[in-house]
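Listed below are the residues making up each chain.
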Amino acid sequence: MEIIIQPTPAAATDVAARIIARLLREKPDAVLGLATGSTPLRLYQVLVDMNLDWSGVTTFNLDEYIGLPREHSQSYHSFMWENLFRHVNIKRENVHIPDGNAADIPAFCAAYEAAIHAAGGIDLQVLGIGTDGHIGFNEPTSSLASRTRIKTLAPRTRKDNARFFGSEEAVPHHVITMGIGTIMEARLNLLLGFGSSKASAIAEAVEGPITSLNPASILQMHPVVKVCLDEPAASLLQRADYYRWVYANKPAWQTF
Ligand code: F6R
(Lines give C-alpha, C1' and ligand atoms only; values in the text may rest on other atoms or scores of the structure.)
Protein backbone atom coordinates (compact mmCIF):
# COMPACT_ATOMS: atom_id res chain seq x y z
CA MET A 1 0.00 0.00 0.00
CA GLU A 2 1.16 3.52 -0.71
CA ILE A 3 -0.04 5.87 2.03
CA ILE A 4 -0.17 9.50 0.92
CA ILE A 5 -0.78 11.93 3.76
CA GLN A 6 -1.65 15.50 2.88
CA PRO A 7 -2.44 18.49 5.08
CA THR A 8 -6.04 18.89 3.89
CA PRO A 9 -8.79 16.91 2.11
CA ALA A 10 -8.34 19.29 -0.83
CA ALA A 11 -4.65 18.48 -1.16
CA ALA A 12 -5.28 14.72 -0.83
CA THR A 13 -8.05 14.98 -3.41
CA ASP A 14 -5.73 16.78 -5.82
CA VAL A 15 -3.27 13.88 -5.66
CA ALA A 16 -6.09 11.40 -6.35
CA ALA A 17 -7.35 13.53 -9.24
CA ARG A 18 -3.89 13.62 -10.80
CA ILE A 19 -3.65 9.81 -10.60
CA ILE A 20 -7.01 9.45 -12.38
CA ALA A 21 -6.20 12.16 -14.94
CA ARG A 22 -2.95 10.44 -15.84
CA LEU A 23 -4.79 7.16 -16.42
CA LEU A 24 -7.42 8.82 -18.64
CA ARG A 25 -4.68 10.51 -20.70
CA GLU A 26 -2.66 7.32 -21.05
CA LYS A 27 -5.65 5.05 -21.61
CA PRO A 28 -8.58 6.98 -23.13
CA ASP A 29 -10.78 3.85 -23.00
CA ALA A 30 -10.09 3.21 -19.31
CA VAL A 31 -12.63 1.46 -17.10
CA LEU A 32 -13.20 3.28 -13.81
CA GLY A 33 -14.92 2.00 -10.70
CA LEU A 34 -16.54 4.87 -8.84
CA ALA A 35 -17.75 5.58 -5.32
CA THR A 36 -20.32 7.99 -3.93
CA GLY A 37 -20.75 9.65 -0.52
CA SER A 38 -19.19 12.82 0.81
CA THR A 39 -15.55 11.77 0.34
CA PRO A 40 -15.27 11.84 -3.48
CA LEU A 41 -17.47 14.92 -4.00
CA ARG A 42 -14.54 17.29 -4.40
CA LEU A 43 -12.68 14.70 -6.50
CA TYR A 44 -15.46 14.80 -9.08
CA GLN A 45 -15.47 18.61 -9.11
CA VAL A 46 -11.71 18.66 -9.68
CA LEU A 47 -11.96 16.06 -12.45
CA VAL A 48 -14.69 18.12 -14.14
CA ASP A 49 -12.51 21.23 -13.91
CA MET A 50 -9.62 19.33 -15.52
CA ASN A 51 -11.62 19.10 -18.74
CA LEU A 52 -10.60 15.53 -19.49
CA ASP A 53 -11.90 13.47 -22.40
CA TRP A 54 -14.43 10.95 -21.09
CA SER A 55 -15.76 9.92 -24.51
CA GLY A 56 -14.06 6.51 -24.40
CA VAL A 57 -14.32 5.92 -20.65
CA THR A 58 -16.54 3.24 -19.11
CA THR A 59 -17.63 3.41 -15.47
CA PHE A 60 -19.04 0.99 -12.93
CA ASN A 61 -20.32 2.28 -9.61
CA LEU A 62 -19.74 0.34 -6.44
CA ASP A 63 -23.21 0.36 -5.03
CA GLU A 64 -26.81 1.59 -4.90
CA TYR A 65 -29.64 1.58 -2.38
CA ILE A 66 -32.39 -0.94 -2.96
CA GLY A 67 -35.89 0.43 -3.39
CA LEU A 68 -35.12 4.13 -3.87
CA PRO A 69 -36.51 5.50 -7.11
CA ARG A 70 -33.68 6.40 -9.49
CA GLU A 71 -34.79 10.04 -9.39
CA HIS A 72 -34.64 10.19 -5.57
CA SER A 73 -32.20 12.92 -4.54
CA GLN A 74 -30.17 10.41 -2.47
CA SER A 75 -30.03 7.60 -5.01
CA TYR A 76 -26.53 6.99 -6.28
CA HIS A 77 -27.86 7.43 -9.81
CA SER A 78 -28.81 10.99 -8.91
CA PHE A 79 -25.52 11.53 -7.10
CA MET A 80 -23.38 10.42 -10.03
CA TRP A 81 -25.28 12.31 -12.71
CA GLU A 82 -25.50 15.45 -10.59
CA ASN A 83 -21.86 15.49 -9.46
CA LEU A 84 -19.98 14.04 -12.41
CA PHE A 85 -21.61 12.56 -15.46
CA ARG A 86 -23.72 15.51 -16.60
CA HIS A 87 -20.60 17.71 -16.56
CA VAL A 88 -18.39 15.51 -18.78
CA ASN A 89 -18.62 13.97 -22.23
CA ILE A 90 -19.14 10.38 -21.09
CA LYS A 91 -21.47 8.26 -23.22
CA ARG A 92 -24.65 7.31 -21.36
CA GLU A 93 -24.31 3.69 -22.47
CA ASN A 94 -20.86 3.49 -20.86
CA VAL A 95 -22.21 4.36 -17.40
CA HIS A 96 -23.10 1.45 -15.13
CA ILE A 97 -24.71 1.87 -11.72
CA PRO A 98 -26.38 -1.01 -9.90
CA ASP A 99 -30.16 -1.02 -10.37
CA GLY A 100 -31.66 -0.89 -6.91
CA ASN A 101 -35.08 -1.60 -8.41
CA ALA A 102 -34.16 -4.71 -10.37
CA ALA A 103 -36.96 -7.29 -10.28
CA ASP A 104 -34.49 -10.16 -9.97
CA ILE A 105 -31.62 -8.93 -7.83
CA PRO A 106 -29.39 -12.05 -8.00
CA ALA A 107 -29.73 -12.10 -11.81
CA PHE A 108 -28.95 -8.39 -11.96
CA CYS A 109 -25.84 -8.86 -9.78
CA ALA A 110 -24.57 -11.72 -11.95
CA ALA A 111 -25.10 -9.57 -15.07
CA TYR A 112 -23.23 -6.66 -13.43
CA GLU A 113 -20.24 -8.92 -12.77
CA ALA A 114 -20.41 -10.18 -16.35
CA ALA A 115 -20.51 -6.59 -17.67
CA ILE A 116 -17.38 -5.66 -15.70
CA HIS A 117 -15.67 -8.71 -17.13
CA ALA A 118 -16.83 -7.95 -20.67
CA ALA A 119 -15.48 -4.40 -20.36
CA GLY A 120 -12.05 -5.85 -19.65
CA GLY A 121 -12.10 -5.39 -15.87
CA ILE A 122 -11.70 -2.24 -13.82
CA ASP A 123 -8.46 -0.30 -14.34
CA LEU A 124 -8.87 1.98 -11.35
CA GLN A 125 -11.37 1.70 -8.51
CA VAL A 126 -12.13 4.76 -6.38
CA LEU A 127 -13.00 3.83 -2.79
CA GLY A 128 -14.17 5.67 0.29
CA ILE A 129 -14.19 3.92 3.65
CA GLY A 130 -16.92 3.61 6.26
CA THR A 131 -16.26 4.36 9.92
CA ASP A 132 -16.58 0.58 10.42
CA GLY A 133 -14.05 -0.17 7.67
CA HIS A 134 -16.55 -1.01 4.93
CA ILE A 135 -15.57 -0.57 1.28
CA GLY A 136 -18.41 -0.44 -1.18
CA PHE A 137 -21.16 -1.52 1.20
CA ASN A 138 -19.28 -4.63 2.30
CA GLU A 139 -19.96 -4.37 5.99
CA PRO A 140 -17.81 -6.07 8.65
CA THR A 141 -17.90 -9.88 8.40
CA SER A 142 -18.59 -9.71 4.66
CA SER A 143 -16.90 -12.54 2.83
CA LEU A 144 -13.50 -11.37 1.66
CA ALA A 145 -14.20 -13.27 -1.58
CA SER A 146 -17.70 -11.84 -2.12
CA ARG A 147 -19.08 -10.74 -5.49
CA THR A 148 -21.77 -8.21 -6.37
CA ARG A 149 -24.83 -8.98 -4.27
CA ILE A 150 -27.46 -7.66 -1.88
CA LYS A 151 -26.28 -6.56 1.56
CA THR A 152 -28.01 -5.28 4.67
CA LEU A 153 -26.49 -2.05 5.95
CA ALA A 154 -25.05 -2.17 9.46
CA PRO A 155 -26.87 0.04 12.00
CA ARG A 156 -23.73 2.20 12.29
CA THR A 157 -23.71 2.89 8.55
CA ARG A 158 -27.41 3.79 8.57
CA LYS A 159 -26.65 6.19 11.43
CA ASP A 160 -23.68 7.67 9.51
CA ASN A 161 -25.78 8.14 6.39
CA ALA A 162 -28.78 9.65 8.18
CA ARG A 163 -27.20 13.04 7.45
CA PHE A 164 -28.09 12.62 3.77
CA PHE A 165 -31.68 11.49 4.39
CA GLY A 166 -32.75 13.74 7.26
CA SER A 167 -33.35 10.81 9.61
CA GLU A 168 -32.02 7.35 10.28
CA GLU A 169 -35.42 5.77 9.61
CA ALA A 170 -35.37 7.10 6.05
CA VAL A 171 -32.08 5.34 5.18
CA PRO A 172 -32.82 2.16 3.21
CA HIS A 173 -31.89 -1.11 4.89
CA HIS A 174 -30.64 -2.88 1.79
CA VAL A 175 -28.17 -2.18 -0.98
CA ILE A 176 -26.56 -3.79 -3.99
CA THR A 177 -22.78 -3.63 -3.71
CA MET A 178 -19.82 -4.93 -5.64
CA GLY A 179 -18.19 -7.62 -3.54
CA ILE A 180 -14.78 -7.55 -1.96
CA GLY A 181 -13.63 -10.13 -4.50
CA THR A 182 -14.86 -7.78 -7.24
CA ILE A 183 -12.98 -4.82 -5.78
CA MET A 184 -9.83 -6.90 -5.38
CA GLU A 185 -9.81 -7.57 -9.14
CA ALA A 186 -9.46 -3.88 -9.99
CA ARG A 187 -5.95 -3.25 -11.29
CA LEU A 188 -5.49 -0.24 -9.00
CA ASN A 189 -7.45 0.67 -5.89
CA LEU A 190 -7.45 4.34 -4.89
CA LEU A 191 -8.88 4.83 -1.42
CA LEU A 192 -9.66 8.26 -0.01
CA GLY A 193 -10.29 8.96 3.67
CA PHE A 194 -10.79 12.29 5.36
CA GLY A 195 -11.48 13.39 8.90
CA SER A 196 -10.91 12.00 12.38
CA SER A 197 -14.04 9.83 12.18
CA LYS A 198 -12.15 7.61 9.69
CA ALA A 199 -8.90 7.44 11.67
CA SER A 200 -9.47 4.15 13.48
CA ALA A 201 -10.90 2.37 10.42
CA ILE A 202 -7.87 3.56 8.41
CA ALA A 203 -5.35 2.51 11.06
CA GLU A 204 -6.94 -0.95 11.30
CA ALA A 205 -7.10 -1.31 7.53
CA VAL A 206 -3.49 -0.28 6.90
CA GLU A 207 -1.66 -1.53 9.97
CA GLY A 208 -3.98 -4.08 11.58
CA PRO A 209 -4.50 -7.74 10.82
CA ILE A 210 -6.38 -8.73 7.69
CA THR A 211 -9.86 -9.49 8.94
CA SER A 212 -13.41 -9.35 7.67
CA LEU A 213 -14.14 -7.25 10.78
CA ASN A 214 -12.44 -4.44 8.84
CA PRO A 215 -13.18 -5.26 5.20
CA ALA A 216 -10.76 -2.60 3.90
CA SER A 217 -7.90 -4.53 5.53
CA ILE A 218 -8.04 -7.01 2.64
CA LEU A 219 -6.46 -4.29 0.50
CA GLN A 220 -3.16 -5.29 2.15
CA MET A 221 -3.34 -8.30 -0.19
CA HIS A 222 -3.80 -6.13 -3.32
CA PRO A 223 -0.69 -5.32 -5.36
CA VAL A 224 -1.49 -1.68 -6.23
CA VAL A 225 -3.31 0.37 -3.60
CA LYS A 226 -2.92 4.10 -3.05
CA VAL A 227 -4.48 5.62 0.05
CA CYS A 228 -4.96 9.41 0.02
CA LEU A 229 -5.55 10.81 3.51
CA ASP A 230 -5.75 14.12 5.27
CA GLU A 231 -3.92 14.54 8.59
CA PRO A 232 -6.90 13.76 10.88
CA ALA A 233 -7.67 10.51 9.01
CA ALA A 234 -3.98 9.56 9.30
CA SER A 235 -3.74 10.51 12.98
CA LEU A 236 -3.82 6.95 14.37
CA LEU A 237 -1.29 5.47 11.95
CA GLN A 238 1.77 4.29 13.86
CA ARG A 239 4.07 4.64 10.89
CA ALA A 240 2.79 7.95 9.55
CA ASP A 241 6.27 9.49 9.56
CA TYR A 242 7.57 6.63 7.46
CA TYR A 243 4.77 7.05 4.90
CA ARG A 244 5.50 10.78 4.70
CA TRP A 245 9.21 10.08 4.23
CA VAL A 246 8.54 7.56 1.45
CA TYR A 247 6.25 9.99 -0.39
CA ALA A 248 8.76 12.83 -0.04
CA ASN A 249 11.54 10.63 -1.47
CA LYS A 250 9.80 9.03 -4.45
CA PRO A 251 11.83 8.94 -7.64
CA ALA A 252 10.72 11.77 -9.93
CA TRP A 253 9.20 9.37 -12.48
CA GLN A 254 6.94 7.93 -9.79
CA THR A 255 5.43 11.19 -8.54
CA PHE A 256 1.90 12.31 -9.37
C1 F6R B 1 -20.19 4.69 -1.47
C2 F6R B 1 -19.47 3.65 -0.78
C3 F6R B 1 -19.18 3.73 0.68
C4 F6R B 1 -18.65 5.08 1.11
C5 F6R B 1 -18.45 5.10 2.62
C6 F6R B 1 -17.93 6.43 3.12
O7 F6R B 1 -20.33 4.40 -2.84
O8 F6R B 1 -19.12 2.70 -1.40
O9 F6R B 1 -18.24 2.74 1.00
O10 F6R B 1 -17.44 5.33 0.47
O11 F6R B 1 -19.65 4.81 3.26
O12 F6R B 1 -18.91 7.41 2.91
P13 F6R B 1 -18.57 8.94 3.07
O14 F6R B 1 -17.63 9.30 1.98
O15 F6R B 1 -19.91 9.63 2.90
O16 F6R B 1 -17.98 9.10 4.42
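Before any of the text, the structure's been laid out above.
Residues numbered from 1 in each chain as written. Predicted model: local features only at pLDDT ≥ 70, side-chain atom pairs only at ≥ 80, totals over all residues. Heavy atoms only, no water.

A. A look at the pattern of salt bridges. Tallying each qualifying case throughout the model produces 11 salt bridges. One salt bridge in this structure joins Lys226 and Glu2, with 3.0 Å as the shortest N-O distance. Highlighted residues: Lys226 in strand E10 (residues 225–230) and Glu2 in strand E1 (residues 2–6), separated in sequence by 224 residues. By the burial criterion, Lys226 is buried, and Glu2 matches it. Salt-bridge contacts for Glu82 lead to Arg86; the nearest nitrogen and oxygen are separated by 2.9 Å. Connected via shared salt-bridge partners are Glu2, Lys226 and Lys250. (Salt bridge = Lys/Arg side-chain N within 4 Å of Asp/Glu carboxyl O. Helix = DSSP H or I, 4+ residues; strand = E, 2+ residues; numbered from the N terminus. Buried < 20%, exposed > 50% of the residue type's maximum accessible area, 1.4 Å probe, protein only.)

B. Main features of the side chain of Asp230. Tracing the sequence through the fold places Asp230 in strand E10. Lys198 is the oppositely charged side chain nearest to the buried, salt-bridge-free Asp230, at an N-O distance of 9.2 Å. Setting aside anything within four residues of it in sequence, one finds Asp230 in contact with Ile5, Gln6, Pro7, Thr8, Pro9, Ala12, Gly193, Phe194 and Gly195. (Lys, Arg positive; Asp, Glu negative; His and termini not counted. Contact = heavy atoms within 4.5 Å.)

C. Molecular detail of the sheet that holds strand E9 (residues 188–193). Taken in spatial order, the 7 strands make up an open sheet running E1-E10-E9-E6-E2-E3-E5, and their pairing is parallel. Each edge of the sheet is formed by a strand with only one pairing partner; in this case those strands are E1 and strand E5 (95–96). For E9 and E10, the ladder comprises 5 bridges, and the chain directions are parallel. The residue bridging Gly193 from the neighbouring strand is Leu229, located in E10. (Pairing = 2+ DSSP bridges.)

D. Local environment of unusual backbone geometry. You will see that Asn51, though not glycine, has its phi angle at about 55 degrees, which is positive. Relative to the elements of secondary structure, Asn51 occurs in the loop between helix H2 (41–49) and strand E3 (58–61). The class of Asn51 is exposed, set by a relative accessible area of 69%. You will see that Thr141, though not glycine, has its phi angle at about 80 degrees, which is positive. Relative accessible area serves as the criterion here: at 57%, Thr141 is assigned to the exposed category.

E. The arrangement of the packing of helix H1 (residues 9–26) against H2 in detail. Contact geometry for H1 and H2: axes closest at 9 Å, N-to-C directions at 50 degrees. Put simply, H1 runs oblique to H2. Helix-helix and strand crossings are classified by hand; for H1 and H2 the assignment is right-handed. Where H1 approaches H2, its residues Ala10, Thr13, Asp14, Ala16, Ala17 and Ile20 are matched on the opposing element by Arg42, Leu43, Val46 and Leu47. (Axes fitted to C-alpha atoms, helices over the stretch in contact; angles between N-to-C directions. Parallel < 35°, antiparallel > 145°, perpendicular 65-115°, else oblique. Left-handed = near helix turned anticlockwise from the far one by under 90°.)

F. How the structure looks around the packing of aromatic side chains. Under the criterion given, the structure shown has 9 aromatic pairs. Seen in terms of ring centroids, Tyr44 and Phe79 are 6.4 Å apart; in terms of plane orientation they differ by 75 degrees. Their pairing is edge-to-face. Linking Tyr44 in helix H2 with Phe79 in helix H3 (residues 76–83), this pair joins segments that are 35 residues apart in sequence. Summarising the burial analysis for this pair, Tyr44 and Phe79 share the class buried. (Phe/Tyr/Trp six-rings, centres within 6.5 Å; stacked < 30°, edge-to-face > 60°.)

G. Expanded view of the environment of Thr58. By the secondary structure assignment, Thr58 is in strand E3. The class for Thr58 is buried, based on a relative accessible area of 13%. Taking the C-alpha atoms as reference, Thr58 lies 18 Å from Gly136; in sequence the two are 78 residues apart.

Don't take any of this as a statement about function, it's just geometry.
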